[in-house]
Structures are given as structure tokens and as C-alpha cells.
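In case you want the letters, here they are:
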Amino acid sequence: GAVVSQHPSRVICKSGTSVKIECRSLDFQATTMFWYRQFPKKSLMLMATSNEGSKATYEQGVEKDKFLINHASLTLSTLTVTSAHPEDSSFYICSAPGTGAIEKLFFGSGTQLSVL
Amino acid sequence: GESVGLHLPTLSVQEGDNSIINCAYSNSASDYFIWYKQESGKGPQFIIDIRSNMDKRQGQRVTVLLNKTVKHLSLQIAATQPGDSAVYFCAEKSGYNKLIFGAGTRLAVHP
């Protein structure tokens, strides 16, 4: 089946630094990818929709300048957490629709970000 | 606004028993629902889905029931096994291509 690869799986960084998370569709092309954030024991919260070749669409309340999204190719979307602070610590998950439709959404394995 | 919620945050069952996880949704126009399983430190895994033109769908050991009248969704797991221990989320299709996730229920299976 379709696979979405997310890297790194875990990252620890100092406050004020930037962290980049990659999401790749390994055996299919994805013009759209989705980025979610998940706090401990909480649900997944959609942050933004990444669109290949155009600007990402952010959900209400998500800071565009804090969470930079780039979707430069049909198989790669990146999320950069800029000037990270402890409150940005969270589990970040990407997903991509395998057939272009939400009915076949494949998730990455997630990235645990810890900001010291 | 739209929301998808769950009745029970934690469910404990004995191995071999059947499990029922519930979910309420508020958008009566929603036409597609999915149940996901998430193990600790991993991304969600698809379990089963159902469209609004159905009220029941069965998979291997799992059944999803949809009651549109009361906007309620449930996931039934037959003969629950220790490997079923995880957090389960219902999700609702929103608009063209987005999913809204419910709060999640932790299923704990005891031997």
C-alpha cells in the first residue's frame, strides 16, 4: 500500500532554533498534504493544507510565520517550526491522500518535537 | 461550528470481550466517516470507513454503525485482543478534502 515517510521521528532542540520536518510520499504523488499537531492524550488538530506549487492553506489560529510549509515537489512537503519555544513541543503528523481523495489518507509516523 | 466528539475517554475491557467505542458528530451534512487506531508514538492507522448512505459496515472483527438521526457513530471490535489496545479516533470529512478528528478513546485490554 501507499506509504508516507516522515523524518525525523524525534527531535530535541534549544529554544530559538528552527526545526524542519519532512514528509514524503514514497510510491505516489501528492499534490496535497496535511499537517496535524497532537498534544499528549489529545486529538489531532489540522494545522494546514500543503499545496504543491502554491501557498499552504492554514487553519484558523495557526501562525503562518511560525509554521512555514513548503511543498516544492509532488512527493515532498516540509514543515519548519521557526524560532521554536517550549510551547511548540508537540507531536507533528503529516498525511497525504493516496488517490488525491481524503478517503485514502495515509499518515506518516509522526515527529515528536521537544523544545528545551 | 463543526465538531466531532466522543462519549468515553477511556474504555477497559477483558481480553475476548467485545468493545464498543462511541462518537458523536454535529455536522448533519457530513457524508463520510472514518475510524482510526493510533498506537503510542505512531501515526493513525485506518480501520474502517462508512458513507452516510449506509448505516452499517463490517470489516475483519470490526463493525462501524452510523445513526444519522442522532448523529452518532460507533466502532465495535469483536473478541478484543491485547493488540487492540490503542487510542481510537473517529474522523469526519469536512468540505472537499479535510478531516476533523474526534477527541479519542483509549482502549485498554486486560488479560
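Look a little higher up for the structure.
Residues numbered from 1 in each chain as written. Chains lettered and ligands numbered in written order. Predicted model: local features only at pLDDT ≥ 70, side-chain atom pairs only at ≥ 80, totals over all residues. Heavy atoms only, no water.

Novice: Sorry, what's going on with the state of the cysteines here?
Specialist: Throughout this description, disulfide means a covalent bond between two cysteine sulfur atoms. Residues and elements named next belong to chain B. Following the criterion strictly, the structure yields 2 disulfides over all chains and no others. For Cys23, the disulfide goes to Cys90, at an S-S distance of 1.9 Å. Residues Cys23 and Cys90 are joined through a disulfide that is right-handed, its torsion about the S-S bond being 50°. With Cys23 in strand β3 (residues 19-25) and Cys90 in strand β9 (residues 86-94), this pair connects stretches of sequence that are 67 residues apart. In this structure, Cys23 and Cys90 share a single accessibility class: buried. (Disulfide = S-S within 2.5 Å. Helix = DSSP H or I, 4+ residues; strand = E, 2+ residues; numbered from the N terminus. Buried < 20%, exposed > 50% of the residue type's maximum accessible area, 1.4 Å probe, protein only.)

Novice: Could you clarify how one ought to interpret the interface of chain B and chain A in this entry?
Specialist: A common way to express how large an interface is: the accessible area buried when the components associate. Of the residues lining the interface, 18 residues belong to chain B; the matching set on chain A comes to 20 residues. Taken over both partners, the interface formed by chain B and chain A buries close to 1500 Å², and the fraction arising from carbon and sulfur atoms is 54%. For the chain B face of the interface with chain A, the top three residues by lost area are Asn97, Lys98 and Phe101 of chain B, together amounting to 34%. At the junction of chain B with chain A, the criterion picks out 1 salt bridge. Across the pair Glu59 of chain A and Lys98 of chain B runs a salt bridge, and its minimum N-O distance is 3.1 Å. Contributions of two or more residues to the side of chain B that touches chain A are made by β4 (32-38), β9 and β10 (98-101) of chain B. (Contact = heavy atoms within 4.5 Å. Buried area = accessible area lost by both parts, 1.4 Å probe. Salt bridge = Lys/Arg side-chain N within 4 Å of Asp/Glu carboxyl O.)

Novice: Before we go on, may I ask you to explain the pairing of strand β11 (residues 111-115) of chain A in this structure?
Specialist: Consecutive side chains of a regular strand alternate in pointing toward one face of the sheet and then the other. All names here are of chain A. Of the two faces of β11, the one holding Thr111, Leu113 and Val115 is buried and the one holding Gln112 and Ser114 is not buried anywhere. Looking at chain direction, strand β2 (residues 10-13) and β11 are connected through 4 bridges and run parallel. Following the sheet pairing, Val11 is matched in β11 by Leu113. Two strands pair when backbone bridges link them, and strand β9 (residues 90-97) and β11 are joined in this way by 3 bridges, in the antiparallel orientation. (Pairing = 2+ DSSP bridges.)

Novice: Looking at this structure, how should I read the sheet that holds strand β8 (residues 76-81) of chain A?
Specialist: Within a sheet, neighbouring strands are paired by backbone hydrogen bonds and run either parallel or antiparallel to one another. Residue and element names in this part refer to chain A. An order of β1-β3-β8-β7 is seen for the 4 strands of this open sheet, with the pairing classed as antiparallel. The open sheet has two edge strands with one neighbour each: β1 (4-7) and β7 (67-73). With direction set aside, neighbouring strand axes in the sheet form an average angle of 15°. Relative to strand β3 (residues 19-25), β1 is paired through 4 bridges, and the arrangement is antiparallel. Counterpart to Ser5 in the pairing with β3 is Arg24. (Axes fitted to C-alpha atoms, helices over the stretch in contact; angles between N-to-C directions.)

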